[in-house]
Amino acid sequence: MKSPDDFRSRIEQQRPYLLRYARLQLRDRDAAEDAVQETLLAALRGEAGVAGRSDLRTWLTGILKHKIVDAVRRASRDSAVSLDAEDEAGELHELFDARGHWAARPTSWDHPDAALEQAQFFAVLETCLQQLPVKTARAFMMREHMGLDTEDICKELGITATNCWVMLYRARMALRLCLEGRWLGAQEPPRK
Amino acid sequence: MKLMLTCREATRLASEGLDRELGFGERVALRMHLAICRGCTTFDRQMKFLREAVTRLADSERSPES
């Protein structure tokens, strides 16, 4: 038999992870803390639901995702106007020549798997993510960090599917460039 | 869907393939392009790596110094 205090301390242990998870999407410490707080409260109320579950973190993250989506929805509503003016991907045009071919061909990254073992790599990745325009980053993280469908992302952000795909494409292009410049390309430049 | 893609179009499709199911014509066109274009093949691989990296991001604060 487990006491309620035991359950409480077990979910409390997950707080740092949940905070980090929320902050990656929301980019706002206060909003992230609110979402995590709501999640932990909901978890305490729904303790029965977790009885048979082996993975507490997965269960809590599932609750947290809903709270984050709520927060994103509120944020999108508040800032809908100002963000519509977001850049029209000017810099991406320079990646291709007039005929649509690479202006500078991507160089292949050697041993990217090794990067995934290094904390420093993730710090660089986070920096690159922070450099994305707000709305682009929001869509990208909803897709890749939270694993939502584009359909849901469109709905929450109030954009069309095509718009969403373009935004995700732009985010990936920008992140690739940023990572190449700051990490993977810089490690060992394989010029061929 | 035309058969010969430019790199700009191919990268766009490679990206969209991560977000929606591509149509048959799109898949064929993309595969044909990747077969002859090293730059876009590299790009395609990097996009998959990026996905993997972001997926692991939340877990990445295991050991700050290592």
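The rules we used
Residues numbered from 1 in each chain as written. Chains lettered and ligands numbered in written order. Predicted model: local features only at pLDDT ≥ 70, side-chain atom pairs only at ≥ 80, totals over all residues. Helix = DSSP H or I, 4+ residues; strand = E, 2+ residues; numbered from the N terminus. Buried ≥ 20, exposed ≤ 12 C-beta atoms within 10 Å, placed from the backbone. Contact = placed C-beta atoms within 7 Å. Core = buried A, V, L, I, M, F, W, Y, C linked by C-beta atoms within 7 Å. Domains from an automatic or database assignment. pLDDT = per-residue confidence, 0-100.

Residue and element names in this part refer to chain A. Relative to the assigned elements, Ile153 resides in helix H10 (residues 150–157). With 24 C-beta atoms packed within 10 Å, Ile153 lands in the buried category. Each C-alpha atom of the pair Ile153 and Ala139 lies 6.6 Å from the other, and the pair is 14 residues apart in sequence. Among all residues touching Ile153, those that are not within four sequence positions of it are Ala139, Met142, Arg143, Leu148 and Cys164.

Counting residues in each nonpolar core, the largest one holds 58 residues, and the members touching the most others are Ala22, Leu64, Ala139, Leu168 and Ala171 of chain A together with Ala10 of chain B. It is helix H11 (residues 161–182) of chain A that contributes the most residues to this core, ten residues altogether. A domain-level breakdown of this core finds at least three residues from each of domain 1 (1–81) and domain 2 (86–192) of chain A. Here Ala10 of chain B is in contact with Leu5, Leu30, His33, Cys37 and Cys40 of chain B, once residues within four sequence places are set aside.

Bringing the confidence of the model for chain B into the picture now. Of the residues in chain B, 88% reach a pLDDT of 70 or more, and the chain-wide mean stands at 89. Here the prediction assigns the complex a pTM of 0.86, and the interface score ipTM is 0.90.

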